[in-house]
Amino acid sequence: MEEKQKSEGKLLEEKLFNVRKCGWKDTSEEKVNMIMKFSDEYMYFLNKSKTEREVSVFAKEVLEKNGFKNVDDLDNISVGDKVYYINREKSVYAAIIGKNGLESGLNILGAHMDSPRLDLKPNPVYEDTGFAYFNTQYYGGIKKYQWTTIPLAIHGVIVKTNGEKVTLNIGEDENDPIFTITDLLPHLAAEQMKKSLSNGVEGEDLDLLVGSIPYNDESVSEKVKLNTLKLLNDKYGITEADFLSAELELVPAFKAKSLGFDSSMVAAYGQDDKVCCYTAMRALIDMKEIPEKTSILILADKEEIGSMGNTGMESQVFDNFIAELLTKAGINRPNLLNKVFCKSAMLSADVGSAYDPLYASVSDRKNVSYAGFGVSLNKYTGGRGKGGSSDAGAEFVGKIRNLFESNNILYQIDELGKVDAGGGGTIAYILADKGVDVIDCGVAVLSMHAPYEVTSKYDVYTTYEAYKAFLEQMK
């Protein structure tokens with residue numbers, strides 16, 4: 001039977017309407033296998049890289065394996081050279097020098113390595129009624145109640161006054177103990193449950209339970225605290241005073257896993273923004289040819305708390321890295337750095353909020369990203385009147401659309417929730433302030449900032465494709 005001829009209106013509808021579609025629908029078996037393989041490699045990265053220091057270690061290993069050299073070890077650079085710089089073990093910059101030279105501008109992928117978590121306070125150890133605890137301070141935007149009664153691991157470093165650095169990673173190995181923050185049983189929680197969600201668990205109550213066996217000496221007042229510190233001293237050679245110069249983070253001890261009967265999603269801690277770190281890094285190292293424009297990778301720290309500090313994007317270290325490239329290319333001169341930035345383009349590689357039908361009221365369904373519908377573009381972030389947003393220009397958005405469409409990359413453009421529902425920000429405005437054309441571009445996430453976030457494997461792979469096309473083809 002012949003296919004029924006489409007009406008004039010139907011044909012016009014197909015021509016004029018912007019109809020989004022699920023990426024899985026027409027994906028070949030070969031492509032699905034590629035997506036699943038890539039996602040397995042991504043989950044391996046997540047399990048190895050829960051903190052910004054661990055991402056830096058992973059990135060250095062991968063970059064060097066793929067021919068990148070520390071820029072400090074080079075006297076000069078030229079077309080095709082691959083270089084990197086690691087800032088204080090907590091931010092990473094890498095570059096492939098393009099055929100057109102640095103003066104023609106840069107194509108930049110910028111992601112951030114830090115994720116919401118709990119940090120130990122400088123004086124964290126105390127005892128109360130037969131229990132030893134670590135006192136914490138939360139980092140970034142969290143729902144505090146989500147961090148109770150889950151397995152937690154301790155990651156980070158302790159630096160002694162003699163300069164010795166002790167690295168800790170306790171709670172990830174199957175033979176390690178884990179730690180947790182207790183909560184009130186529902187039988188006695190009548191008053192607690194009258195409070196709002198934001199106040200149900202106070203920040204000062206997010207204390208980590210770390211021990212309960214007392215040291216066997218009646219002359220000691222805090223026996224459990226002493227026994228806990230003795231165990232740490234025996235294994236790591238540290239004292240209580242050494243916590244004063246420590247960076248210790250509490251992260252969920254969950255492993256990254258495939259989610260769903262169809263294994264179509266990734267469930268893991270820290271996908272904001274490590275999903276963009278991984279896809280951006282892979283896009284850079286997987287390039288087979290020397291790009292026309294110099295390709296830059298940024299893996300920044302401190303985005304979740306405002307990008308401040310000397311490892312955050314607000315610092316001048318990234319500018320110094322590009323200035324170093326210009327100097328070692330033999331072309332640096334006054335004002336050149338500013339001119340290079342003004343000729344540059346950037347995908348601010350950060351996540352967006354995926355539509356969740358269980359919480360539909362906060363989203364504008366016409367202007368939200370859907371999991372499995374491709375990479376997400378966010379023209380502006382901010383909140384309530386675009387406050388704090390860089391707001392990408394129409395010309396630049398048009399170029400990005402053309403790039404993705406010419407490469408058959410499924411994309412969607414969204415906002416972060418309804419106009420008065422809230423908002424958020426990324427590092428986009430920082431590079432825009434330098435004169436760079438910037439748009440946010442990444443993976444839509446369910447349960448963002450929770451201890452266990454969810455992404456679509458289709459979107460993860462499509463984001464990688466989008467980043468790679470940007471580095472290889474953006475003019």
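Scroll up a little and you will see the structure.
Rules used in this analysis
Residues numbered from 1 in each chain as written. Predicted model: local features only at pLDDT ≥ 70, side-chain atom pairs only at ≥ 80, totals over all residues. Heavy atoms only, no water. Helix = DSSP H or I, 4+ residues; strand = E, 2+ residues; numbered from the N terminus. Rg over C-alpha atoms; globule rule 2.2 N^0.38 Å. Buried < 20%, exposed > 50% of the residue type's maximum accessible area, 1.4 Å probe, protein only. Contact = heavy atoms within 4.5 Å. Phe/Tyr/Trp six-rings, centres within 6.5 Å; stacked < 30°, edge-to-face > 60°. Lys NZ or Arg CZ within 6 Å of the ring centre and 35° of its normal. Expected span 1.5 Å × (residues − 1). Arc of directions from axis to C-beta. 1 Å grid on protein atoms, 1.4 Å probe; cavity = no way out; pocket = protein on both sides within 12 Å on 5 of 7 lines; lining within 4 Å. Points joined across faces, edges and corners; volume = space filled by probe spheres on them. Nonpolar A, V, L, I, M, F, W, Y, C, P; charged D, E, K, R; others polar. Core = buried A, V, L, I, M, F, W, Y, C linked by side-chain atoms within 4.5 Å. Pairing = 2+ DSSP bridges. Axes fitted to C-alpha atoms, helices over the stretch in contact; angles between N-to-C directions.

**Some remarks on the overall build of the protein**
Here is step 1 of the chain: Across its full length, the protein holds eleven helices and 22 strands.
Here is step 2 of the chain: Compactness check: the protein gives a C-alpha radius of gyration of 24 Å against a globular reference of 23 Å for 475 residues, within 12% of the reference.
Here is step 3 of the chain: Buried positions account for 51% of the 475 residues belonging to the protein.
Here is step 4 of the chain: Sequence separation of at least 24 residues holds for 76% of the intrachain contacts in the protein that already meet a minimum separation of 6.

**A short note on the environment of Val436**
Here is step 1 of the chain: Mapped onto the fold, Val436 is located in the loop between helix 10 (428-432) and strand 20 (437-442).
Here is step 2 of the chain: Looking at Val436, the relative accessible area reads 5%, which means it is buried.
Here is step 3 of the chain: With 186 residues separating them in the primary sequence, Val436 and Leu250 have C-alpha atoms 36 Å apart.
Here is step 4 of the chain: For Val436, the residues in contact, after removing those within four places along its chain, are Phe341, Ser344, Ala345, Met346 and Leu431.

**Brief notes about the packing of aromatic side chains**
Here is step 1 of the chain: Evaluation of the coordinates by the stated rule reveals 19 aromatic pairs.
Here is step 2 of the chain: Consider the rings of Tyr370 and Phe373, whose centres lie 5.5 Å apart with planes at 45°: the pair is tilted.
Here is step 3 of the chain: Grouped by ring-pair contacts, the aromatic residues Phe38, Tyr42, Phe45, Phe58, Tyr278, Tyr461 and Tyr464 constitute a single cluster.
Here is step 4 of the chain: Its guanidinium or amino end placed over the ring of Tyr139, Arg117 lies 3.6 Å from that ring's centre, counting from NZ or CZ.
Here is step 5 of the chain: The side chain of Arg282 reaches across the aromatic face of Tyr464, ending 5.7 Å from its centre.

**Overview of helix 9 (residues 394-406)**
Here is step 1 of the chain: Here helix 9 spans 18 Å end to end across 13 residues, near enough to the 18 Å set by a 1.5 Å rise per residue.
Here is step 2 of the chain: For helix 9, the full list of buried residues reads Phe396, Val397, Ile400, Leu403 and Phe404. When helix 9 is viewed along its axis, its buried side chains cluster within an angular range of 120° and face the same direction. Of the exposed residues in helix 9, the ones pointing more than 90 degrees away from its buried face are Ala394, Glu395, Asn402 and Ser406.
Here is step 3 of the chain: Residues of helix 9 that are buried make contact with strand 14 (345-348), strand 16 (375-378), strand 18 (411-413), strand 20 and helix 11 (457-473).

**What to know about helix 7 (residues 317-328)**
Here is step 1 of the chain: The end-to-end C-alpha separation of helix 7 is 16 Å, in line with the 16 Å expected for twelve residues at 1.5 Å each.
Here is step 2 of the chain: Residues of helix 7 that are buried: Val317, Phe318, Asp319, Phe321, Ile322, Leu325, Leu326 and Lys328.
Here is step 3 of the chain: Two residues or fewer after helix 7 comes Gly330, characterised by a positive phi angle close to 75°.

**Overview of empty space enclosed by the protein**
Here is step 1 of the chain: Overall, the coordinates contain two cavities of 30 Å³ or more when judged by the stated rule.
Here is step 2 of the chain: Reported here for the largest cavity is a volume of approximately 40 Å³.
Here is step 3 of the chain: If you trace the largest cavity, you find it lined by Lys379, Tyr380, Thr381, Gly388, Ser389, Ser390, Asp391, Thr426, Ala428, Tyr429 and Asp440.
Here is step 4 of the chain: When grouped by side-chain class, the residues that make up the lining of the largest cavity number three nonpolar, five polar and three charged.
Here is step 5 of the chain: When its volume is computed, the second largest cavity comes out at roughly 30 Å³.

**Some thoughts on the layout of surface pockets**
Where empty space is left can be seen by rolling a probe of water-molecule size over the atoms.
Here is step 1 of the chain: Here the largest pocket defines a volume of roughly 1,300 Å³.
Here is step 2 of the chain: Around the largest pocket, the lining comprises 46 residues; the ones closest to its centre are Ser353, Leu416, Ser447, Met448 and His449.
Here is step 3 of the chain: Residue assignment for the lining of the largest pocket shows that the elements contributing at least two residues are strand 15 (352-353), strand 16, strand 19 (423-424) and strand 20.
Here is step 4 of the chain: The class makeup of the residues in the lining of the largest pocket is 17 nonpolar, 20 polar and nine charged.
Here is step 5 of the chain: In terms of lining residues, the second largest pocket is bounded by 34 residues, among which Glu405, Ile409, Leu410, Tyr411 and Gln412 are the most central.
Here is step 6 of the chain: Going through the elements one at a time, helix 9, strand 18 and helix 11 are the ones with two or more residues in the lining of the second largest pocket.
Here is step 7 of the chain: Tallying contributions element by element places helix 11 first for the lining of the second largest pocket, with six residues.
Here is step 8 of the chain: Broken down by class, the residue content of the lining of the second largest pocket amounts to twelve nonpolar, nine polar and 13 charged.

**A short note on the nonpolar core**
What tends to happen in soluble globular proteins is that the nonpolar side chains get buried as a cluster.
Here is step 1 of the chain: Formed by 63 residues in total, the largest nonpolar core has its most connected members in Phe45, Leu284, Leu299, Ile400, Phe404, Tyr467 and Phe470.
Here is step 2 of the chain: Phe404 has contacts with Val375, Leu377, Ile409, Tyr411, Cys441 and Ala466, leaving out every residue within four places of it along the chain.
Here is step 3 of the chain: With 32 residues, the next largest nonpolar core counts Val125, Leu206, Val224 and Ala253 among its residues.

**Focus on the pairing of strand 8 (residues 165-170)**
Here is step 1 of the chain: Only one face of strand 8 is buried, namely the one carrying Val166, Leu168 and Ile170, since none of Lys165, Thr167 and Asn169 on the opposite face is buried.
Here is step 2 of the chain: Two successive antiparallel strands, strand 7 (residues 152-159) and strand 8, enclose a turn made up of five residues, where Gly163 displays a positive phi of approximately 95°.

**Some details on the sheet that holds strand 4 (residues 106-112)**
Here is step 1 of the chain: Overall, mixed pairing links the nine strands, which are arranged 1-2-3-13-4-14-20-16-18 in an open sheet. Edge positions in the sheet fall to strand 1 (69-70) and strand 18, since each of these pairs with one other strand and no more.
Here is step 2 of the chain: Across four bridges, the pairing between strand 14 and strand 20 is parallel. Looking at strand 20, one finds that Leu347 is bridged to Ile439.
Here is step 3 of the chain: Against the sheet, helix 6 (residues 271-285) makes contact with strand 3 (91-96), strand 4, strand 13 (294-300) and strand 20, and its axis sits at roughly 150° relative to strand 4, the strand it touches most.
Here is step 4 of the chain: Strand contacts of helix 11: strand 4, strand 13, strand 14, strand 16 and strand 20, with the helix running at about 150° to strand 4, the strand carrying the most contacts.

**Notes on the sheet that holds strand 6 (residues 131-139)**
Here is step 1 of the chain: Sheet architecture is open: six strands sit in the order 8-7-10-5-6-9, paired in antiparallel fashion. Edge positions in the sheet fall to strand 8 and strand 9 (208-211), since each of these pairs with one other strand and no more. On average, each strand axis in the sheet is inclined to that of its neighbour by 30°, with strand direction left out of account.
Here is step 2 of the chain: Sheet topology note: the strand 7/strand 8 ladder contains six bridges and is antiparallel. Of the residues in strand 8, the one forming a bridge with Val157 is Thr167.

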